[in-house]
Each structure stands twice: as structure tokens, then as C-alpha cells.
Amino acid sequence: MKVHEKYMQRCIDLAKNGLGTTYPNPLVGSILTHNDTIIGEGWHYKAGQPHAEVLAINSVEDKTLLKEATIYVSLEPCSHFGKTPPCADLIINSGIKNVVIGSTDPNPQVAGKGIKKLKDAGCAVTVGVLQPKCDILNKRFFTFHTKKRPYIILKWAQTQDGFLAPAETATVSKKINAQQPVWITNTYSRQRTHKLRAQEQAILVGTTTVLKDNPSLTTRHWEGRSPTRIILDKNLRIPIEASVFDGNNPTIVLTEQEKKNSENLVFERIVFQKNLTQQICSVLHRHNLQSVIVEGGAQTINTFIDANIWDEAHIFTGNANFETGVKAPTFSEEKINSVLILSEETLALDTLQIFKNNST
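For clarity, every value in this text was computed on a predicted model and none was experimentally measured.

This paragraph deals with the sheet that holds strand β5 (residues 124-127). The mixed open sheet is built from five strands, whose spatial order is β2-β1-β3-β4-β5. With partners counted over all chains shown, the strands left at the sheet margins are β2 (37-43) and β5, one partner each. Strand-to-strand, the axes of this sheet are offset by a mean angle of 15°, without reference to chain direction. In the packing of helix α4 (residues 113-120) onto the sheet, contacts are made with β4 (98-103) and β5, and the angle to β5 comes to roughly 150°.

The structure is reproduced here in C-alpha cells:
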């Protein structure tokens, strides 16, 4: 089993190369071994492109070794025709008899069917090697299929004394970009935020954040595709000249008003006074968005915290004190025992802490 774990870890490491580019497909890595030597490997990097198993098999120079090889794959091989043929069929037709799998695919189109097909063809199949790690690798994909909602990451920047903004910026003008943003964190933290945006599918903010800061919500400080913008605007108060309506990236506005869609801009009607977070999750699930960063403002973030519908929280703490202003979100005493710190890192004088919600 230790040998299996070593090679499965390699699959996981390979799969991580596709983070941010494989949506709506999962992250998958695969290797082939022969006599305890890796003879082929690959990872899935974009939907519609070859899957990890295909690339791994194709990378083997001496195909006569496949009949004596073992294939490792971090997620159950697919068994259905999508944009590409079934990987289970390719494994069988390649003569590979030994298959080691990390996680079972929760997608109803697969969900054990790939494993069954391999076993029915006479393959020796081992399932569950480093399964917890393989599950975490695809936390977005698994949450989307099992909970019917995106993986939710709360993100905010706060001062050392726990404020999001100084008192003088607490009021909101009716005009866009009436005030310039007050930066709490440094350039390294902002770059780290843009890296996060490149890894996730969507980013969500409320009306107040757009009116105060006029954000573009892009990945301009990091290489990668910008996320789909989700804007909460109950009464359509945000003017059309706002940066979020520049048409460069897909944008979804959640509102109670009726308005026609246009290119890269979709309006979805919801009821703001009733189960707001559940409605948001339903809309994002319907748009096949597997992850979302909830970036602001305080009321929007607190709405998800109060409903206990979130998975991670990324909290940047800058080297500043405001003394008064807009208070940063906090976890309630009754929920704090369910909040686990995953990591902490220093970004010059800033600190980034990542928390996990163990109760969801």
C-alpha cells in the first residue's frame, strides 16, 4: 500500500497543475508504472482536451509494457461519452490489467460505473488510495455534485483592530467611483488575491462594494482567466458605466427587477428577503459554477456566515489600525468550534489565514 500511496501522491501533484483551467471538469492526474518505474504520466488541463489517463497512456514510449503496467489515477476513470471518449474503455483496450484509483467520481454520469466497467473487463481494481487527499483535491467538483451548490470561499481584508474600512468611507454615494478604495493590505496580498481569483470560477460582491470601490474583479495582477462576476443589486442601483459592466467578462446580476440580458451580462431575478444564500447557490449551480469567492462587503459576507453556508474563509490582515469604521465579519461563538484554521502565511507585513468550516 505504501507504494500505491507514493504513486497516488504523484497523481495528486500532477493534477494540481490544472487548477483554474479544467472547469467544469475535475482535477485529475494519472501515471503508469512498470517494475516500480514510472513509464508515463499526464494530467487533465482543459475541458474538451484529453483526460489525464489518455495523456499518461500516450506518453508511454514502449506500448508493449502496458499489459504488465499499473495505471494510477486520482479520480475514477469516466465511462461515458462526453467531449472525449470513455477513459475506462481506453484502459481496457490498452490491455492494462491493474488499476489503482483515489476517489470515486460523484458525477451521476460516472459514480461507480467506470469502476464496474473495469472490473467486468477483468481488471484488478484498487479503490480508495489516499482518498481523503484526492477528495480535497476536487473539493469544488465534489461540493457541486453532492451539495448542489458551488464551493464557497469568503474573502476579506481587515486591519489589526478588526475593521474593513475607515469611518469616512462608511457612507455610500449614488455615483460610481465617488471615492477611491482605501487599501488595507500591501501589493503582495493583492497579488495573492488575484491568484485566488484565477483559481476559482466566480466572484461575488454586493451593491455597496461596487458603488464605493468600482472594482473590476479581474485577474489583472496574475496570469489566468478572470472569474465570472456575480453582483447583488436588488433595485438595479449600479450605473451602467461601472467597471463590472464593461462586457469583458461574463457577469450575472442578481436582482428583484426585470431587465433584458445582453452580451456577457445576465440578469437573474431572486427574492432578497427570503433564503438569500440558498437562492444565490441555486442560481450559481444552474450556471454550472463550481466555486465562488464572496469578496464583499461586510453585509454580504455576514449573510453567508449567518446562514452557515460557506466552506473556506481567506482573511488578510494588514499592518494598519483604523480605530473606528466598518467592522470586519466575525464567526459567532456558537459556530467558532466548527471553524478550523488550515494555514497561515506572511506576506511582507500582512498575514493571510485560511479557515475551513467543519460543519458543512
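Text resumes after the structure shown.
Let us now look at the side chain of D311. Looking at the secondary structure, you find D311 in the loop between α10 (298-307) and β13 (312-317). Of the polar contacts made by the side chain of D311, one reaches the backbone nitrogen of I152; its length is 2.9 Å. Each residue touching D311, except ones within four places of it in the same chain, is listed here: T143, K147, R149, P150, Y151, I152, F355, K356, N357 and T360.

What follows is about the UniProt feature "binding site: substrate" (unreviewed entry) in the protein chain. Sites flagged by UniProt as "binding site: substrate" (unreviewed entry) map to S173, W183, R197, L217, R220 and E295. The topology assignment puts W183 in the loop between β7 (163-166) and α7 (187-199). For W183, a relative accessible area of 54% puts it in the exposed group. Within the fold, E295 resides in strand β12 (residues 291-296). Residues in contact with E295, not counting those within four places in the same chain, are K155, T193, R197, I203, L204, V205, L217 and I301.

Let us now look at the packing of aromatic side chains. Overall, the coordinates contain five aromatic pairs when judged by the stated rule. Ring centres of W156 and F331 lie 6.3 Å apart, and the angle between their planes is 55°; on these two criteria the pair is classed as tilted. Linking W156 in strand β6 (residues 151-158) with F331 in the loop between β14 (325-327) and β15 (339-347), this pair joins segments that are 175 residues apart in sequence. By relative accessible area, which is 17% here, F331 ends up buried. Both rings, one in W310 and one in F331, keep their centres 5.0 Å apart while their planes meet at 15°; by these two values the pair is stacked. Within this pair, whereas W310 is found in the loop between α10 and β13, its partner F331 is found in the loop between β14 and β15, the two being separated by 21 residues in sequence. The burial state of W310 is the same as that of F331; both residues are buried. An aromatic cluster of at least three residues, connected via ring pairs, comprises W156, W310, F331 and F355. In this arrangement the basic side chain of K327 is found over the ring face of F163, its NZ or CZ atom lying 4.7 Å from the centre.

This part is about the UniProt feature "binding site: Zn(2+)" (unreviewed entry) in the protein chain. Per the UniProt entry, the sites bearing "binding site: Zn(2+)" (unreviewed entry) are H51, C78 and C87 in this numbering. The largest pairwise C-alpha distance within this set of annotated residues, which runs over 37 residues, is 9.2 Å, so the set is compact in three dimensions. Exposure remark for H51: the relative accessible area of 19% places this residue in the buried category. In this structure, C78 sits in the loop between β3 (70-75) and α3 (87-93).

Time to look at the sheet that holds strand β10 (residues 251-255). In a beta sheet, neighbouring strands are held together by backbone hydrogen bonds and run either parallel or antiparallel to one another. Taken together, nine strands build an open sheet; the order of strands is β11-β10-β9-β8-β12-β6-β13-β16-β15 and the sheet is mixed. Looking at which strands have only one partner, the edges of the open sheet turn out to be β11 (265-269) and β15. The mean inter-strand angle of the sheet, taken between neighbouring strand axes irrespective of direction, is 20°.

The buried count for β4 comes to five of six residues, which makes it a mostly enclosed element. The pairing of β3 with β4 spans five bridges and is classified as parallel. Counted as the bridge partner of T70 is N98 from β4. Bridging between β4 and β5 involves four bridges; their strand directions are parallel. Bridging from a neighbouring strand, I101 pairs with V127 of β5. After leaving β4, the chain enters α4 and then returns to the sheet as β5, a path that is right-handed.

The rules behind these values
Residues numbered from 1 in each chain as written. Predicted model: local features only at pLDDT ≥ 70, side-chain atom pairs only at ≥ 80, totals over all residues. Heavy atoms only, no water. Pairing = 2+ DSSP bridges. Helix = DSSP H or I, 4+ residues; strand = E, 2+ residues; numbered from the N terminus. Axes fitted to C-alpha atoms, helices over the stretch in contact; angles between N-to-C directions. Contact = heavy atoms within 4.5 Å. Polar contact = N/O pair within 3.5 Å; in protein donor to acceptor, adjacent residues only side chain to side chain. UniProt positions renumbered as here; feature names shortened; annotations may be inferred. Buried < 20%, exposed > 50% of the residue type's maximum accessible area, 1.4 Å probe, protein only. Phe/Tyr/Trp six-rings, centres within 6.5 Å; stacked < 30°, edge-to-face > 60°. Lys NZ or Arg CZ within 6 Å of the ring centre and 35° of its normal. Right-handed = clockwise from strand over helix to strand, strands pointing away.

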